[in-house]
Protein chains: 2
Amino acid sequence: MNLNFKTNIPALVDGILKGDRVRLGRAITLIESTKPAHQEMAQQIIEKCLPHSGNSIRLGVTGTPGVGKSTFIESLGSFLVEKGEKVAVLAIDPSSQVSRGSILGDKTRMEKLSNHPSAFIRPSPAGETLGGVARKTRETIILCEAAGFNKIFVETVGVGQSEIAVHSMVDFFLLLLLPGAGDELQGIKRGIVEMADGVVINKSEEERMELAKKAKRSYKNALHLFPLKKSGWSTDVILASGLHGTGIETVWEMIASYETFTKENHYFIKRRNEQASYWLSETIKTGLESSFFKNEKIKAALEKVEKEVLESKRSPFEAAEYLLKLFLNRY
Amino acid sequence: MNLNFKTNIPALVDGILKGDRVRLGRAITLIESTKPAHQEMAQQIIEKCLPHSGNSIRLGVTGTPGVGKSTFIESLGSFLVEKGEKVAVLAIDPSSQVSRGSILGDKTRMEKLSNHPSAFIRPSPAGETLGGVARKTRETIILCEAAGFNKIFVETVGVGQSEIAVHSMVDFFLLLLLPGAGDELQGIKRGIVEMADGVVINKSEEERMELAKKAKRSYKNALHLFPLKKSGWSTDVILASGLHGTGIETVWEMIASYETFTKENHYFIKRRNEQASYWLSETIKTGLESSFFKNEKIKAALEKVEKEVLESKRSPFEAAEYLLKLFLNRY
């Protein structure tokens, strides 16, 4: 990337605040870069965008591969841009670290939405760790909001850790399922169902309507067994088809009701504050561990100490304390 | 406690290695003490006992209150001491931090076993945190093994975090359930059922035999749905009565088969090594966070920085990095 960007930080920020998608894209490239100089610029841009961020609803969308997430998001996103909203679609895909972007990476996907002037679509950054990808996505949300995008989608796959990361950066967490008798729940961890603020049975099309209705009843029953959510909100199950656009308006009404409901009972801001605290403390924890294991004295001592622990020559507790003192320069 | 213990460390260690229960108890009191001088002595004793530890089977026992854990352990423990084994019973009870020991705290419990010369029973230490209690219990296991106890029971209640701690220090994890149609599973987190290497339907007495058999079938079916365990072992369900002593021998045969099976496929030593690594890395993590939050510079800065994050004046990531640099003396 051209390092002349450095002189253009005010221009980039200015462009972002005016909603310029090209400059927004360039700034996100800086966020995604691993070069320290780019990172420094990215932090300056984020700092300047922060006061203009937050005025949006952030939507997490998850579901196993094949459930039709992209088609569903394209359908809901198109519905929203036609209503005059500004839609950004981001993704967290841990597998993209290997396959370089299975989510949103295919340029033919979301073609209609991506060509709309009120939409901005960005594939998952290829970071080294889930934590790294999550951080970059959360920073990208700030820039998108500063650029005036007020409906932010974060897409992920139903594999566990990435859902937790997405859940901790969105206001509403939507789980997509397929029509069927509940067997699909086997493939989805129960914890993910518990996190959902809304469930959509996607691909509820005519030929699958009976199965879809049965699935709806069975999920509604299952959801009743979970404890009441901290938000006070009861998770609903909606039949929809991303392909045909049916049920999309109902899904949006549910999300809009949730926004009103949680803004009235102040859970909306409470959840955002908890998320900010979570990322603060998570980043501290990760940073502490990373500086510990990168420390030269620790690197020199660790292998021997681990061996002694495994051979019952040292207790793991005493060994840990020895290493901690070494790290904190007390030896 | 008398600080003259200091001069008696070799005598304490010598006593422990000879199986002297009084000296073993005194050394455990040092482990449980929060005084730095006692802690230092405890670490010296542990270090000397470590080479003599490990030659045992460590058994975790869990189940909701009322399932009859103490009666069951007394029954199985008595069976073992009569066979010539040496039995130690420890406990991890997070609630004891408030109530000062509901588990094993009642002296009238396990009366028969506690009077046997080959048994050693120790209530849950009253530590400040689960982490602290877990560490003290794990250190106590080392001392008990050095004293020749070869069947180590660690009892806990079915509430979540404490099970994970116990699971990470035992070779075999036993879940006690009550006769019934599976409804009890509601009260027990699914993760705990998945951790179990064996399930016992306790209180399977004549008047409840039909219910007990039904429960056994329903749990066996449920267990089939879980993925195969890393040990290669299939969790079995056994009907037993701690009160009448029925099924106790069958339970022991299951545990003994597990020991043989996992020693042959080398999972036994693999799990112990993983546990040692787990406690090493957990203690490092906890220690890093604790020194961070106790640091004077962090204490002085944290409140202001947190406020700035919540007011969107700083990003949580940038704020975390600022605090980390402060901690690591880079400002």
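The rules behind each value
Residues numbered from 1 in each chain as written. Chains lettered and ligands numbered in written order. Predicted model: local features only at pLDDT ≥ 70, side-chain atom pairs only at ≥ 80, totals over all residues. Helix = DSSP H or I, 4+ residues; strand = E, 2+ residues; numbered from the N terminus. Buried ≥ 20, exposed ≤ 12 C-beta atoms within 10 Å, placed from the backbone. Pairing = 2+ DSSP bridges. Axes fitted to C-alpha atoms, helices over the stretch in contact; angles between N-to-C directions. Contact = placed C-beta atoms within 7 Å. Domains from an automatic or database assignment. Nonpolar A, V, L, I, M, F, W, Y, C, P; charged D, E, K, R; others polar. Parallel < 35°, antiparallel > 145°, perpendicular 65-115°, else oblique. Left-handed = near helix turned anticlockwise from the far one by under 90°. Arc of directions from axis to C-beta. Expected span 1.5 Å × (residues − 1). Least-squares fit on C-alpha atoms with pLDDT ≥ 70 in both.

With that settled, the discussion passes to the overall build of chain A. Regarding its fold elements, chain A presents 14 helices and seven strands. Across the 331 residues that make up chain A, the buried fraction comes to 42%.

What follows deals with the sheet that holds strand β4 (residues 151–156) of chain A. All names here are of chain A. Strand order across the open sheet formed by seven strands is β3-β2-β4-β1-β5-β6-β7, with parallel pairing between neighbours. Edge positions in the open sheet fall to β3 (119–121) and β7 (236–239), since each of these has one partner strand only. Taken over all neighbouring pairs, the strand axes of this sheet differ in orientation by 20° on average, direction set aside. As paired strands, strand β1 (residues 57–62) and strand β5 (residues 172–177) are joined by four bridges and run parallel to one another. Paired with T62 across the strands is L175, a residue of β5. In this fold helix α10 (residues 209–224) packs onto β5, β6 (198–201) and β7, with an angle of close to 175° to the strand it touches most, β7.

Residue and element names in this part refer to chain B. Burial analysis of strand β4 (residues 151–156) places six of its six residues in the buried class, which makes it a mostly covered element. Of the two faces of β4, both are covered, the one formed by K151, F153 and E155 as well as the one formed by I152, V154 and T156. Across five bridges, the pairing between strand β1 (residues 57–62) and β4 is parallel. When the bridges of β4 are listed, I57 appears paired with K151. Pairing geometry for strand β2 (residues 87–92) and β4, over six bridges, is parallel. In the strand pairing of β4, L90 is matched with V154.

Entries for chain A in the domain assignment read domain 1 (1–51), domain 2 (53–265) and domain 3 (280–327). The C-alpha-based centres of domain 1 of chain A and domain 3 of chain A are spaced at 37 Å.

On the side of chain B, 38 residues touch chain A, which itself brings 37 residues to the contact. The set of elements that each furnish at least two residues to the side of chain A that touches chain B consists of α3 (36–49), α7 (130–146), α12 (267–294), α13 (296–310) and α14 (316–327) of chain A. In the side of chain A that touches chain B, the residues fall into 19 nonpolar, nine polar and nine charged.

A separate point is the packing of α12 of chain A against helix α13 (residues 296–310) of chain B. Each pair of packed helices can be summarised by the angle the axes make with each other and by the distance between the axes. The interhelical angle for the contact between α12 of chain A and α13 of chain B, taken along N-to-C directions, is 130°, at an axis separation of 9 Å. The angle between α12 of chain A and α13 of chain B falls in the class oblique. Crossing handedness for the pair α12 of chain A and α13 of chain B: right-handed. The segment α12 of chain A lies against α13 of chain B, with N273, A276 and L280 of chain A engaging E306, V309 and L310 of chain B.

A few words on the sheet that holds β2 of chain B. All names here are of chain B. Pairing is parallel across the open sheet formed by seven strands, whose spatial order is β3-β2-β4-β1-β5-β6-β7. At either margin of the open sheet sits one strand with a lone partner, and together these are β3 (119–121) and β7 (236–239). Looking at each pair of strands side by side, their axes are set apart by 20° on average, direction ignored. When β2 meets β3, the two strands line up parallel, connected through three bridges. Across the sheet, A88 pairs through a bridge with F120, a residue of β3. Its contacts with the sheet place helix α10 (residues 209–224) against β5 (172–177), β6 (198–201) and β7, and it is angled at close to 175° to β7. Against the sheet, helix α11 (residues 248–264) engages β1, β5, β6 and β7, with an angle of about 155° to β7.

Let us look at helix α1 (residues 9–17) of chain B. Residue and element names in this part refer to chain B. Regarding α1, the residues found buried are L12, V13 and I16. The buried residues of α1 occupy one face: seen down the axis, they fall within an arc of 95°. Note on α1: the residue one or two positions beyond its end, G19, has a positive phi of about 85°.

All names here are of chain A. Here helix α4 (residues 69–82) spans 20 Å end to end across 14 residues, near enough to the 20 Å set by a 1.5 Å rise per residue. Turning to α4, its buried residues number three or more, namely K69, S70, F72, I73, E74, S75, L76, G77 and L80. Positive backbone phi, approximately 95°, marks G84, located one or two places after α4.

The two copies are related by a screw motion: chain A maps onto chain B through a turn of 179° and a shift of 0.1 Å along the axis, at an RMSD of 0.2 Å. Here the copies are linked by what is in effect a two-fold axis. Every residue of chain A has its C-alpha some distance from the rotation axis, and the shortest such distance is that of L288 of chain A, at 3.3 Å. Here 100% of the interface residues in chain A have copies in chain B that are interface residues too; the copies meet face to matching face.

Contact geometry for α14 of chain A and helix α12 (residues 267–294) of chain B: axes closest at 8 Å, N-to-C directions at 40°. As summarised for this structure, α14 of chain A and α12 of chain B are arranged oblique, according to the angle between their axes. The chirality of how α14 of chain A crosses α12 of chain B is right-handed. Across the interface between the two elements, P316, F317, A319, A320, E321, L323 and L324 of chain A from α14 of chain A touch A276, W279, L280, T283, I284, G287 and L288 of chain B from α12 of chain B.

Let us look at the environment of K151 of chain A. Residue and element names in this part refer to chain A. The topology assignment puts K151 in strand β4. Residue K151 is classed as buried on the basis of its 23 C-beta neighbours within 10 Å. Measuring from C-alpha to C-alpha, the distance between K151 and E139 comes to 16 Å, with twelve residues separating the pair along the chain. In contact with K151, not counting residues within four places along its chain, are S56, I57, L59, L80, E85, K86 and V87.

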